[in-house]
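Understanding the architecture of this molecule
Residues per chain, in single letters:
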Amino acid sequence: MAADIGGFEDPSAEVLAEAAAAFGLLASSARLHLVWALAQGESDVTHLADRVGGALPAVSQHLAKLKLAGLVRSRREGRRQIYYVDDPDVVTVVRVMVGQLAARADRSSVPVHALRGAGG
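Notes on the structure in this doc start here. (Residues numbered from 1 in each chain as written. Predicted model: local features only at pLDDT ≥ 70, side-chain atom pairs only at ≥ 80, totals over all residues. Heavy atoms only, no water.)

**Overview of the overall build of the protein chain**
As a reminder, the rule being used: Working definition: helices are DSSP H or I runs of at least four residues, strands are E runs of at least two. Numbering for both runs from the N terminus. Partly exposed residues are those whose accessible area sits between 20% and 50% of the maximum for their type, while under 20% is buried and over 50% is exposed, using a 1.4 Å probe and protein chains only. Contact between two residues is taken to exist if any of their heavy atoms lie within 4.5 Å; hydrogens are not considered.
Within the protein chain, the secondary structure is distributed over five helices and five strands. Helices (α) and strands (β) of the protein chain occur, in sequence order from the N terminus, as β-β-α-α-β-α-α-β-β-α. Here the protein chain holds 120 residues, and 24% of them are scored as buried. Across the protein chain, the fraction of contacts at a sequence separation of at least 24, relative to all contacts at a separation of at least 6, is 50%.

So, in structure tokens, the structure goes:
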């Protein structure tokens with residue numbers, strides 16, 4: 001039975017599992033960096049690899065996982081595959097989380113890495 005607390009009903013187990021899987025994919029700093037870069041605009045794998053400093057095969061594998069999960073999409077443009085984030089909610093979540101942590105690091109002497117291992 002779903003609780004209704006403060007006007008919000010608890011999501012179903014299926015929705016929670018799907019959200020956990022998406023967050024799990026974004027728990028990789030490499031994949032998070034790719035989604036961050038794609039939130040700024042579409043790109044091909046070569047430019048993404050240059051931007052995030054990853055090897056082309058590794059970046060391609062990360063993009064394939066993100067695409068399979070529905071977090072990233074692609075389209076063919078000539079001989080290139082162009083990747084983009086098609087879900088504005090994913091862009092918002094990534095921008096808010098990374099932006100908040102960057103702002104916290106800028107105004108605080110507490111390093112962001114203090115959050116590692118703080119989760120349940």
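**Topic: the sheet that holds strand β4 (residues 73–77)**
Basically, it comes down to this: Here, strands pair whenever DSSP counts at least two bridges between them.
Taken together, the three strands give an open sheet; going across it, the order is β3-β5-β4, and neighbouring strands pair in antiparallel fashion. Of all strands in the sheet, those bounded by a partner on one side alone are β3 (43–44) and β4. Note that β4 and strand β5 (residues 80–84) share five bridges and pair antiparallel. By the bridge assignment for β5, Arg75 is matched with Ile82.

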